[in-house]
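Next come the chains, spelled out residue by residue.
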Amino acid sequence: MSKGLTSRTEDYSQWYNELVSKADLAEHSSVKGCMVIKPYGYAIWEKMQAVLDQKFKDTGHSNAYFPLFIPKSFFSKEASHVDGFATECAVVTHYRLKNDGNGNIIVDETAKLEEELIVRPTSETIIWNTYKGWIQSYRDLPILVNQWANVVRWEMRTRLFLRTTEFLWQEGHTAHATQAEAIAETEQMLNVYADFAENWMAVPVLRGKKTANERFAGALDTYCIEALMQDGKALQAGTSHFLGQNFAKAFDVKFTNREGKIEYVWASSWGVSTRLIGALIMAHSDDFGLVLPPKMAPIQVVIVPIYKGDEELQKISATAQQIMGDLKAKGISVKYDNRDTQRPGFKFAEYEMKGVPLRIAIGGRDLENNTVELARRDTRSKETVSNQGLANLIENLLTEIQQNIFDKALLNRAEKSTRVDTYEEFKKVLDDKTGFVYAHWDGTPETETKIKEETKATIRCIPLDNPLENGFCIYTGKPSKQRVVFARAY
RNA sequence: CGGGAUGUAGCGUAGCCCGGUAUCGCGUCAGCAUGGGGUGCUGGAGGUCGCAGGUUCGAAUCCUGCCAUCCCGACCA
């Protein structure tokens, strides 16, 4: 691991890239646009999965698995869905290779697929094709299924975690007897995501609806959680879609309701991806490396011994083991780094880069005094504390750190949220101050598109709890009933 | 797919204009010392100079073609 990190103010993008690499989260693979998620980065994903998976189960969902490949004909059935994804699909056309006689492996042209297969960019089509066979009566509803999977979207430009050609995610797909129930499900899952983002990832989010332009291809309504990064750019952190009867109609999924009438099934889908790791990184980290909220940290506490010779190490290790036992009893994950191959200072820097929330250093002086040195990653403060009641102290500190990290992110968002009433002001804020810009909009896709073309800012969402307020569109001057949230986004 | 740039050791680089078999840093390996914030010294290993042609006694360097990657745009969780 090399020293130092480009500062955020100097070059935010480079800071991000170096951080991902130096914190050992991920690296570029030999496959263009695809990343290798390294063990430490994957451990964060596993933390996310564990929490989300439990939340899904607590809200009545079950996991299942659907194929990676989708027949092209399925994919074409829902018109706006195809339009949305057509330009970024990987297509399988052949199923065999052969030797061309010169030692080269080539595609065997005689092994052409009857029907080409799409590598799923999302699974609505294959799932609704399947649901058709599962649903006949209202008694079969609702179906509440989630799958953890990889998907492929052939992106032009990629960035580790934020946008890669292949990424990991979960996609929930539910089927309901009524519109109201499907909408309630859509909203419920949005709240699950928001709760996860704020109370686990310590990332404050806006809950809102997307405008028609930003809506998921095939949805009637797209709900989202929007987070603000430290550089003032917005990041869509999760989406939940009310699909109406669009996919039921496309795949002819009907059921007999209580009244004996035949009706199309109502649907929702919702997902979050490994992009959340990008959000986590950019929301909290500093110029010294990653800053992880304790609830998302693969290692919450690291213990570094400082010693001269084996004998002293033995003594320190005994103390360390005792502390580890106390912490583990409280469900705190702890690592004792007694590698003799690195020096303490190196380890300090390394765990700082990796965002471990708390570090305990134990040296000879501490043994004499029954103390340890305790260092917080979020504030980078150090203090020497007594061994007595250490586990309780740490337990409380972890809670405090979790809160502190959230508060900081919330403060950043508050500082970077601005209300503007003119287009001039709007552009100036976007350029100079960045962040969320609350402005009136006439509600038309045309105006939204114009603003996007001229400023690169998009409407991130119309907040769900948005107060009504009469005003005039900053672009056209037409009357407007509420402000919407604009930002430049990842 | 348009506009720009770059390919030299695991990583980052110098050398290229002005041809003579490759520089430095990090990392790595060995030994000794060191150990409370990225340790020091000594010694070692590691290179088809993106690929293929061409010019030349001789090419990382000059010429031609190709490939790849990165940045900016269009597209996007």
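Structure: see above.
Residues numbered from 1 in each chain as written. Chains lettered and ligands numbered in written order. Predicted model: local features only at pLDDT ≥ 70, side-chain atom pairs only at ≥ 80, totals over all residues. Heavy atoms only, no water.

Colleague: Quick one: what's the story with the protein's contact with RNA strand B, residue by residue and with numbers?
Modeller: If you check the shell around RNA strand B, you find 38 residues, and the closest are Arg 157, Arg 163, Thr 164, Gln 236 and Asp 366. Sugar plus phosphate, as a fraction of atoms of RNA strand B within 4 Å of the protein: 42%. The separation between a base oxygen of RNA strand B and a polar main-chain atom of Arg 365 is 2.6 Å. Residue assignment for the surface near RNA strand B shows that the elements contributing at least two residues are helix H10 (344-353), strand S19 (358-362) and helix H11 (364-369). (Near = heavy atom within 4 Å. Polar contact = N/O pair within 3.5 Å; in protein donor to acceptor, adjacent residues only side chain to side chain. Helix = DSSP H or I, 4+ residues; strand = E, 2+ residues; numbered from the N terminus.)

Colleague: Outline the pairing of strand S10 (residues 166-176), supporting the account with residue identities and numerical values.
Modeller: Where burial is concerned, most of S10 is hidden: nine out of the eleven residues are buried. With ten bridges connecting them, strand S9 (residues 143-152) and S10 associate as antiparallel partners. Note on S10: the bridge partner recorded for Ala 149 is Trp 169. Pairing of S10 with strand S16 (residues 266-273) involves eight bridges; the strand directions are antiparallel. In the strand pairing of S16, Trp 169 is matched with Ser 273. (Buried < 20%, exposed > 50% of the residue type's maximum accessible area, 1.4 Å probe, protein only. Pairing = 2+ DSSP bridges.)

Colleague: I'd like a rundown of the sheet that holds strand S21 (residues 382-386), residues and numbers included.
Modeller: Across the sheet, five strands lie side by side as S18-S17-S19-S20-S21; this open sheet has mixed pairing. In the strand order of this sheet, the two ends are held by strand S18 (334-336) and S21, each with one partner. Neighbour to neighbour, the strand axes of the sheet diverge by 25° on average, direction disregarded. By the bridge criterion, five bridges tie strand S17 (residues 301-305) to S19 in an arrangement that is parallel. (Axes fitted to C-alpha atoms, helices over the stretch in contact; angles between N-to-C directions.)

Colleague: Quick one: what's the story with the packing of helix H13 (residues 423-433) against helix H14 (residues 445-455), residue by residue and with numbers?
Modeller: It is the contact of H13 with H14, at a shortest axis distance of 11 Å, that shows an interaxial angle of 45°. Judged on the interaxial angle alone, H14 and H13 are oblique. Pair H13 / H14 crosses with right-handed handedness. Counting all contacts with H13, which are made through Tyr 423, Phe 426, Lys 427 and Leu 430, the residues of H14 involved are Ile 451, Glu 454 and Thr 455. When the residues that make up the contact of H13 with H14 are grouped by side-chain class, the tally is four nonpolar, one polar and two charged. (Parallel < 35°, antiparallel > 145°, perpendicular 65-115°, else oblique. Left-handed = near helix turned anticlockwise from the far one by under 90°. Contact = heavy atoms within 4.5 Å. Nonpolar A, V, L, I, M, F, W, Y, C, P; charged D, E, K, R; others polar.)

Colleague: Mind laying out the nonpolar core, listing which residues take part and the relevant values?
Modeller: Counting residues in each nonpolar core, the largest one holds 56 residues, and the members touching the most others are Leu 25, Met 48, Phe 161, Met 201, Met 229, Ile 281 and Leu 290. Within the residue set of this core, elements represented by two or more residues are helix H1 (12-22), helix H2 (39-58), helix H6 (179-199), strand S12 (221-228), strand S13 (234-244), S16, helix H8 (275-284) and H10. Apart from the residues lying within four places of it in its own chain, the contact partners of Met 201 are Met 48, Phe 196, Leu 276, Ala 279, Leu 280, His 284, Pro 293 and Met 296. (Core = buried A, V, L, I, M, F, W, Y, C linked by side-chain atoms within 4.5 Å.)

Colleague: Any chance you could break down the pattern of salt bridges for me, citing the residues and the numbers?
Modeller: Taken as a whole and assessed by the stated rule, the structure comprises 28 salt bridges. Across the pair Lys 209 and Asp 221 runs a salt bridge, and its minimum N-O distance is 3.3 Å. With Lys 209 in strand S11 (residues 205-209) and Asp 221 in strand S12, this pair connects stretches of sequence that are twelve residues apart. You can call Lys 209 partly exposed: its relative accessible area is 29%. A relative accessible area of 18% means that Asp 221 is categorised as buried. A network of salt bridges, in which partner residues are shared, links Lys 210, Glu 214, Glu 226 and Arg 460. (Salt bridge = Lys/Arg side-chain N within 4 Å of Asp/Glu carboxyl O.)

Colleague: How would you explain the packing of H1 against H8 if you had to name every residue and give the values?
Modeller: Packed helices, taken two at a time, are described by the angle their axes make and the gap between the axes. Look at H1 against H8: their axes get within 11 Å of each other, and the N-to-C directions meet at 115°. The element H1 and its partner H8 pack so that their crossing is right-handed. On the side of H1, the interface is formed by Tyr 12, Trp 15, Tyr 16, Leu 19 and Val 20, while H8 contributes Gly 278, Ile 281 and Met 282. Here the residues of the contact of H1 with H8 sort into seven nonpolar, one polar and no charged.

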